[in-house]
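Read off the chains here:
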Amino acid sequence: MKKILFSMLMLLMVIFAAVSVSASNNEEVRDQIKDVLFEYKDAYNLRDFNAVRALYAKNAVIMSFPCNSKNEQMFSGFSDNLPRCSSYWLESTFKLRLFKITEFKVDGNKCIARVKWDYRSNDGRGKFTPTFEFLQKDGKWLIEKETYGRKSE
């Protein structure tokens, strides 16, 4: 009986340790994703096109808020359109402000984060809720997909 109880206790400890390690890894990834989102905010606010482009995987699919696009586009089209789209940001004094991660999921070298952004422009303040899909490549988290609007199930 003591052996069975001891075995069960050991099994519970192993399970608890595995869950703790997983939670710790998720928090580490969450912190890394927050860093990428701060880089995103800063790059857009500084109108630094090269810094914006560096945040995306080369095969990324993007529904771009700066270009007010209604359809997804590949990274190359998005990259080419950034300078043209910046006129909107300049005219409206658009600035990203704060964000809050509202949903977060890690699966190996992929991560999905739904974010609530707060912004301001000449028209006032507002919010929008993009979903970012990240891919970790060579130790760096890159945006693989960026969409806006309702959650896709």
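Just so you know, these numbers come straight off a predicted model, no measurement behind them. (Residues numbered from 1 in each chain as written. Predicted model: local features only at pLDDT ≥ 70, side-chain atom pairs only at ≥ 80, totals over all residues. Heavy atoms only, no water.)

Peer 1: Run through the overall build of the chain, naming residues and quoting values.
Peer 2: When you go through the chain residue by residue, the secondary structure sums to three helices and seven strands. Residues classed as buried in the chain amount to 37% of the 153 residues present. Look at the contacts in the chain between residues 6 or more apart in sequence, and 47% of them connect residues 24 or more apart. Accessible surface for the chain amounts to roughly 9700 Å². Of this, 56% is attributable to carbon and sulfur atoms. (Helix = DSSP H or I, 4+ residues; strand = E, 2+ residues; numbered from the N terminus. Buried < 20%, exposed > 50% of the residue type's maximum accessible area, 1.4 Å probe, protein only. Contact = heavy atoms within 4.5 Å. Areas by Shrake-Rupley, 256 points an atom, 1.4 Å probe, with all protein chains shown as cover.)

Peer 1: Please provide a residue-by-residue account of a negative patch on the surface, values included.
Peer 2: On the surface, a cluster of negative charge is contributed by E27, E28, D31, D35 and E39. Assignment of secondary structure puts E28 in helix 1 (residues 2-45). Look at E28 and you get partly exposed, because its relative accessible area is 45%. (Patch = residues over 30% accessible without salt bridge, like charges linked within 9 Å, V, L, I, M, F, W, Y side chains within 5 Å. Salt bridge = Lys/Arg side-chain N within 4 Å of Asp/Glu carboxyl O. Lys, Arg positive; Asp, Glu negative; His and termini not counted. Charge placed at Lys NZ, Arg CZ, Asp CG, Glu CD.)

Peer 1: A description of the environment of F38 should follow, citing residues and the corresponding values.
Peer 2: Examined against the element boundaries, F38 turns out to sit in helix 1. Along the primary structure F38 and F99 are separated by 61 residues, whereas in three dimensions their C-alpha atoms are 8.8 Å apart.

Peer 1: Any details on the packing of aromatic side chains? Residues and values, ideally.
Peer 2: Applying the stated criterion to the full structure yields 11 aromatic pairs. Geometrically, the ring pair formed by Y40 and W117 is stacked, given 5.6 Å between the ring centres and 25° between the ring planes. Taken together, the positions of Y40 in helix 1 and W117 in strand 4 (residues 110-121) put the pair 77 residues apart, joining distant regions of the chain. Across the pair, exposure class does not vary: Y40 and W117 are buried alike. Note on Y40 and F132: the rings are 5.2 Å apart at their centroids and 80° apart in plane angle, and the pair reads as edge-to-face. With Y40 in helix 1 and F132 in strand 6 (residues 131-137), this residue pair connects regions lying 92 residues apart in the sequence. Across this residue pair, the class does not change: Y40 and F132 are buried. Clustering of aromatic rings is evident, with ring pairs tying together F38, Y40, Y44, F99, W117, F132 and F134. The ring of F104 carries the charged tip of R30 above its face, separated from the ring centre by 5.2 Å. (Phe/Tyr/Trp six-rings, centres within 6.5 Å; stacked < 30°, edge-to-face > 60°. Lys NZ or Arg CZ within 6 Å of the ring centre and 35° of its normal.)

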